[in-house]
Amino acid sequence: MVGGTFSYAESNAEDFKLLVLKNIEYKSYTFSLSPGFCYFFRDNVGAGARFSYSRDYIDIGNIDIALNDDLTFEIQNASLVEHMFYGTGFIRTYMNIAGSKVFGLFNEARLTFGAGQGKTFSGEGETLDGVYQKVKRLQVGISPGMAAFITNNAAIEVSVGVMGFDSRWVNQDHNKVVEGSFRSTSAKFKIDLFSINLGMSYYF
């Protein structure tokens, strides 16, 4: 089996208000591309690999944080750019639905490692300041889904993450003088609506 997924999201705000946040002006986009393949070493059981690239961009023109009439903070001209490369190994099992030749259920156990880099910067002109960062990420998860065959060999697939472990390391470098680091680890056992994937696969 060969296939892949693609996603793109974009958002814009101008003079937007949300609770204590006022005069919000920003734009952002997220782009990801993930081709992959799978080899079936027995009926309804296969092992494969997936390679992914993602890019995130956020540009904040202005955000006013108004806690009260006398206490207001302002964020202006701040940006973030980050791009990541991922490699994933997975094992997938299939089960048909009541003997259907069109619809089938699958479950995928996966191990993912990613590495990339990014930068954040704020200000403009002589006040421009920035930080360069390197990012590493390790993920272990389970993702069930459904495949719908539109031809004998081609199928549209949708899957969602329900359980997983996620660890992220960030090392920062500020003007080759100051270094910083950040680490986060999380585990979940729930349906994650933000991890729904839609893709296309070809079986041969």
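A few points on the structure. Predicted model, so just to flag it, every value in this text is computed and none were measured. Starting afresh in each chain, residues are numbered from 1 along the sequence in its written order. For a predicted model such as this one, the threshold for reporting local features is a pLDDT of at least 70, and the threshold for listing and counting side-chain atom pairs is 80 or more; totals across whole chains, interfaces and linings nevertheless cover every residue. Based on all heavy atoms of the structure, the side-chain values leave hydrogens and waters out of the count.

1. Here's the deal with a nonpolar patch on the surface
Each patch groups residues whose relative accessible area exceeds 30% and which form no salt bridge, using 9 Å between like charges and 5 Å between nonpolar side chains of Val, Leu, Ile, Met, Phe, Trp and Tyr. Note on areas: these come from Shrake-Rupley sampling with a 1.4 Å probe, and a residue is covered only by the protein chains present in the view. By convention in these notes, a salt bridge is any Lys or Arg side-chain nitrogen within 4 Å of a carboxyl oxygen on Asp or Glu. Together, Met 95, Ile 97, Val 102, Phe 103, Leu 105, Met 146, Ile 150, Ile 156, Val 158, Ile 196, Leu 198 and Met 200 line one region of the surface with nonpolar side chains, adding up to about 1,000 Å² of accessible area. Put simply, DSSP marks the helices as runs of H or I at least four residues long and the strands as runs of E at least two long, and each gets a number from the N terminus on. The set of elements that each furnish at least two residues to the nonpolar patch consists of strand S5 (103–122), strand S7 (154–159) and strand S10 (197–202). Following the sequence through the fold, Met 146 ends up in strand S6 (residues 129–149). Working definition: with a 1.4 Å probe on protein chains only, accessible area under 20% of the residue-type maximum means buried, over 50% means exposed, and in between means partly exposed. Judged by relative accessible area, which is 33%, Met 146 ranks as partly exposed.

2. Considering the pairing of S6
Should DSSP find at least two bridges between two strands, the strands are taken to pair. Judged from the 20 bridges that link them, S5 and S6 form a sheet pairing that is antiparallel. Across the sheet, the residue bridging to Leu 111 is Val 140, located in S6. The hairpin turn running from S5 into S6, its antiparallel successor, is six residues long, and Gly 123 in that turn takes a positive phi close to 85 degrees. Looking at chain direction, S6 and strand S8 (residues 163–174) are connected through eleven bridges and run antiparallel. Across the sheet, residue Val 135 finds its bridge partner in S8, namely Val 170. Where S6 meets S7, five bridges bridge the pair, whose relative direction is antiparallel. Its bridge partner lying in S7, Gly 145 is registered against Ser 159. Linking S6 to S7, which pair antiparallel, is a turn of four residues.

3. Things to note about the pairing of strand S3 (residues 45–66)
In terms of strand pairing, strand S2 (residues 21–42) meets S3 through 17 bridges, oriented antiparallel. Bridge pairing in S3 links Tyr 29 to Tyr 57. With antiparallel pairing between neighbouring strands as the criterion, S2 and S3 make up a hairpin whose turn holds two residues, including Asn 44 at a positive phi of roughly 65 degrees. Pairing geometry for S3 and strand S4 (residues 72–96), over 21 bridges, is antiparallel. Residue pairing in the sheet places Val 45 in a bridge with Thr 93 of S4.

4. A look at the packing of aromatic side chains
Only rings of Phe, Tyr and Trp enter the pairing, Trp through its six-membered ring, and a pair is recorded when the two centres are within 6.5 Å. The plane angle decides the type: under 30 degrees is stacked, over 60 is edge-to-face, the rest tilted. Inspection of every chain in the model, using the stated rule, returns eleven aromatic pairs. Ring centres 5.7 Å apart and planes at 45 degrees place the aromatic pair Tyr 94 and Phe 106 in the tilted group. Here the residue Tyr 94 occupies a position in strand S4, and Phe 106 occupies one in strand S5, the gap between them amounting to twelve residues. Pair check on accessibility: Tyr 94 and Phe 106 agree, each one buried. One aromatic cluster is present, formed by Phe 40, Tyr 94, Phe 106, Phe 149 and Tyr 203 through successive ring pairs. Arg 92 extends its terminal NZ or CZ atom over the ring of Phe 106, reaching a point 4.0 Å from the ring centre. The criterion is that NZ of a Lys, or CZ of an Arg, lies within 6 Å of the ring centre and within 35 degrees of the ring normal, and then a charge sits over that ring.

5. Some points on the nonpolar core
In a soluble, globular protein the nonpolar side chains are often hidden away together inside. What is meant by a nonpolar core is a set of buried Ala, Val, Leu, Ile, Met, Phe, Trp, Tyr and Cys residues, joined one to another through side-chain atoms within 4.5 Å. Counting eight residues, the largest nonpolar core consists of Met 1, Cys 38, Phe 90, Tyr 94, Phe 106, Ala 147, Ala 155 and Tyr 203. Excluding anything up to four places from it in sequence, Phe 106 contacts Arg 92, Thr 93, Tyr 94, Ser 143, Pro 144, Gly 145, Met 146, Ala 147, Glu 157, Val 158 and Ser 159. Counting five residues, the second-largest nonpolar core is a separate cluster that includes Ile 24, Ile 60, Ile 63 and Ala 78. Any two residues whose heavy atoms approach within 4.5 Å at even a single point are treated as in contact.

6. Some details on the side chain of Ser 34
Relative to the helices and strands, Ser 34 resides in strand S2. For Ser 34, a relative accessible area of 9% corresponds to the buried category. Residues adjacent in sequence count toward polar contacts only when both atoms are side-chain atoms; beyond that, a polar contact is any pair of N or O atoms within 3.5 Å, and within protein one must be able to donate a hydrogen and the other to accept it. Within polar-contact distance, the side chain of Ser 34 engages the side chain of Ser 52 at 2.9 Å. Residues in contact with Ser 34, not counting those within four places in the same chain, are Gly 3, Gly 4, Thr 5, Arg 50, Phe 51 and Ser 52.

The values are spatial; any link to function lies outside them.
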